[in-house]
Amino acid sequence: MKIDLENLTIRKAHEHLLKGDFSAVELSEVYLKNIEAHNKNINAYLEVFDDVATQAKETQKIIENKKGTILTGIPIAVKDNILIQRKRASSASKILEGYTATYDATVIKKLKSAGAVFLGRTNMDEFAMGGSTENSAFGPTKNPHDVSRVPGGSSGGSAAALAMDGALAALGSDTGGSIRQPAAFCGLVGLKPTYGAVSRYGLMAMASSLDQIGPFGKTVEDAEILFNAIKGHDPMDSTSVPDEIAKRNNEVSIKMTIGVPKDILDSPGIDALVLKNFNEEIAKLKGKGYSIKEISLPHAHFALSVYYIIMPAEASTNLARFDGVRYGLSKKGGTPFDDYAKTRGEGFGREVRRRILLGTYVLSSGYYDAYYNKAWSLRNLIGKDFEHAFNEVDIIATPTTPTPAFKIGEKNNDPLAMYLADVFTVPANLIGIPALSIPSGTVDRDGKKLPLGLQLMAPHFREDILFSVGKSIF
Amino acid sequence: MIEKKDIEKLARLSRIEVSEEEKNILLKDMESILDYVSQIKEASSGIPPKEAGELRNVMREDKNPHEKGMYTKEIMNEVPDKENGYVKVKQIL
């Protein structure tokens with residue numbers, strides 16, 4: 001049978017594979033053909049793996065022996081900061097030139113045993129630093145909905161791969177919105193799981209107290225299927241949460257109430273059409289029987305500042321490991337100091353250098369208390385704001401982004417303008433709660449239809465509420 | 001406010017070679033970013049100090065070691081400069 005990629009979901013593909021309507025090999029071939037046709041223009045993939053056919057053949061055998069899972073034979077794209085053993089991994093950085101991963105990330109191990117087929121590794125902002133995928137050492141990725149615009153970032157390659165029908169689902173990572181924002185810009189569903197729900201073992205660390213791996217899907221159910229496959233406690237990640245603790249939170253009953261935080265929605269720089277779209281989504285939820293409640297998050301307006309102190313501080317520490325001695329790019333100078341400075345000066349791109357210096361600044365003596373410690377105090381206060389709010393509501397809803405996808409190059413020379421685009425997404429990372437972006441229609445810009453996203457946030461480990469509310473309106 | 005010599009110091013501390021031209025760009029960028037995040041200084045001074053949260057050590061039993069050398073070859077393959085199974089670095093003393 002002819003494979004209808006546009007309307008294909010994981011469940012539909014799974015049923016067709018079981019019935020033998022097409023094989024895992026045929027399915028992966030259709031995706032490879034599509035990648036061949038579009039990737040040159042979109043630049044979603046940095047590498048398409050040369051063993052896709054072998055992987056697909058093996059999963060087809062599992063399907064025929066009726067030993068598979070729902071993900072067996074499903075073609076998936078993987079962000080370039082997640083390690084797959086014996087495959088290149090670069091975080092879209094020159095400093096990892098020639099690096100081959102020596103082990104599997106836990107999420108990869110889980111997906112391998114579920115039988116997923118890995119198509120390739122996707123473009124991203126270097127070390128996940130950015131919101132447009134323009135900070136890649138390998139050129140920007142373009143938005144399949146309008147190639148003059150960014151796909152969002154930092155997981156822009158994964159989002160674009162899915163939006164151009166170059167994969168059926170994808171993995172990204174989210175430190176301040178890096179899954180949800182590209183999902184919104186590309187018309188997809190994206191989940192940032194609860195901090196500790198998914199193992200970070202084998203994910204290149206950017207800001208360790210904020211990073212989470214999460215799924216992209218075309219539907220809420222697809223994101224849910226992928227999340228269920230990758231979640232769970234992992235002894236290799238000391239911040240991953242034991243399963244019994246994760247489960248305990250699920251016993252709280254649902255109030256069917258959605259909170260709308262006036263404090264964040266009043267932030268400057270929010271597109272009028274985005275607000276209009278958001279209000280229409282809220283009306284839709286009301287129509288589904290949810291009651292809507294205005295809530296107050298009095299410290300939420302500090303979230304962006306707090307984020308842009310804590311994130312570079314942690315990144316500057318994490319990225320100290322790239323020294324040119326044990327792996328990746330290695331440049332030589334006169335002294336050992338010169339070796340480091342040359343390797344890191346040439347290997348890191350401009351945004352990465354900027355954030356490392358910024359992080360070094362806020363951690364240096366004399367500024368540590370004023371910036372880093374103060375930011376942490378405020379981070380706790382923002383957490384308390386959300387805790388209070390969740391006593392009254394099940395979900396807090398905001399737009400995912402303040403604007404639709406912007407033009408390539410538009411914010412390139414103004415890092416602060418780029419940072420402000422994260423206003424709705426960073427709070428969930430600071431607090432560690434799960435947040436889902438679902439498509440909420442489109443706006444017209446220059447004759448193109450640009451997707452928008454609705455963000456839903458729930459208490460820790462309540463991804464189940466996100467999925468059920470998400471499915472009710474999308 | 002931040003000055004060019006601060007940028008030079010930060011670059012030195014973080015072991016990153018930065019060109020003269022980029023120092024000026026970084027100065028301008030960092031000024032505007034620091035100006036924005038300094039908003040947190042306006043937060044009332046009465047806020048509680050940083051909390052450590054429920055810190056706990058995550059330990060594992062010191063047992064079940066993996067077979068000696070089973071990862072060595074793949075890891076050493078990534079080393080840019082090596083000799084006789086050792087990572088080679090410049091003399092530091």
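Shown above is the structure to which this text applies.
Since we're looking at a predicted model, the values are computed, not measured.

A.B. asks: Sorry if this is basic, but what is going on with helix 4 (residues 106-114) of chain A here?
C.D. replies: Since the α-helix advances by 3.6 residues per turn, residues separated by three or four positions end up pointing in the same direction. All names here are of chain A. Where helix 4 is concerned, the buried positions are Thr106, Val107, Ile108, Leu111 and Ala114. Where helix 4 is buried, its residues contact strand 2 (75-79), strand 3 (117-122), strand 4 (169-174), strand 6 (212-217) and helix 7 (220-230). Backbone geometry just downstream of helix 4 places Gly115 in the positive-phi region, at approximately 95°.

A.B. asks: Would you mind going over helix 7 of chain A with me for this structure?
C.D. replies: Residue and element names in this part refer to chain A. Among the 11 residues that make up helix 7, 8 are buried, leaving the element largely enclosed by the rest of the structure. Listed as buried for helix 7 are Val220, Asp222, Ala223, Glu224, Ile225, Leu226, Phe227 and Ile230. Of the residues one or two after helix 7, Gly232 is the one with positive phi, at around 120°.

A.B. asks: I would appreciate a short explanation of the environment of Met1 of chain A in the present structure.
C.D. replies: Residues and elements named next belong to chain A. Examined against the element boundaries, Met1 turns out to sit in the segment before helix 1 (10-19). Residues Met1 and Gly20, 19 residues apart in the sequence, show an inter-C-alpha distance of 9.6 Å. When neighbours within four sequence positions are excluded, Met1 is seen to be in contact with His16, Asp21 and Phe22.

A.B. asks: Please explain the sheet that holds strand 1 (residues 45-48) of chain A as it appears in this structure.
C.D. replies: Across a sheet, paired strands are connected by hydrogen bonds in the backbone, their directions being either parallel or antiparallel. Residues and elements named next belong to chain A. If you walk across this open sheet you meet the 11 strands as 1-3-2-4-6-5-10-11-9-7-8, and the pairing is mixed. Each having just a single partner strand, strand 1 and strand 8 (291-295) make up the two edges of the open sheet. Going from strand to strand, the sheet's axes swing by 30° on average, the running direction of each strand aside. Relative to strand 4, strand 2 is paired through 3 bridges, and the arrangement is parallel. The residue of strand 4 that forms the bridge with Ala77 is Ala170.

A.B. asks: What exactly am I supposed to notice about the interface of chain B and chain A here?
C.D. replies: Interface size is commonly expressed as the accessible area that is lost once the parts come together. Contacts between the two partners involve 44 residues from chain B and, on the opposite side, 58 residues from chain A. In total, about 4600 Å² of surface goes out of reach between chain B and chain A, with carbon and sulfur atoms giving 66% of it. Here chain B is connected to chain A by 6 salt bridges. Taking the shortest distance from any N to any O, the salt bridge between Asp339 of chain A and Lys90 of chain B comes out at 2.8 Å.

A.B. asks: Can you help me understand unusual backbone geometry in this one?
C.D. replies: Excluding glycine, a negative phi dihedral is what most residues carry, and trans is how most peptide bonds are arranged. Residues and elements named next belong to chain A. The linkage connecting Gly153 with the following residue, Ser154, adopts the cis geometry, with an omega of 10°. If you trace the backbone, Ser154 turns up in the loop between strand 3 and helix 5 (156-163). One non-glycine residue, Ala92, lies in positive phi territory at about 50°. As for its position among the elements, Ala92 is in the loop between strand 2 and helix 4. Of the residues examined, Ala92 reaches a relative accessible area of 0% and is grouped as buried.

What counts, and where the lines are drawn
Residues numbered from 1 in each chain as written. Chains lettered and ligands numbered in written order. Predicted model: local features only at pLDDT ≥ 70, side-chain atom pairs only at ≥ 80, totals over all residues. Heavy atoms only, no water. Buried < 20%, exposed > 50% of the residue type's maximum accessible area, 1.4 Å probe, protein only. Helix = DSSP H or I, 4+ residues; strand = E, 2+ residues; numbered from the N terminus. Contact = heavy atoms within 4.5 Å. Pairing = 2+ DSSP bridges. Axes fitted to C-alpha atoms, helices over the stretch in contact; angles between N-to-C directions. Buried area = accessible area lost by both parts, 1.4 Å probe. Salt bridge = Lys/Arg side-chain N within 4 Å of Asp/Glu carboxyl O.

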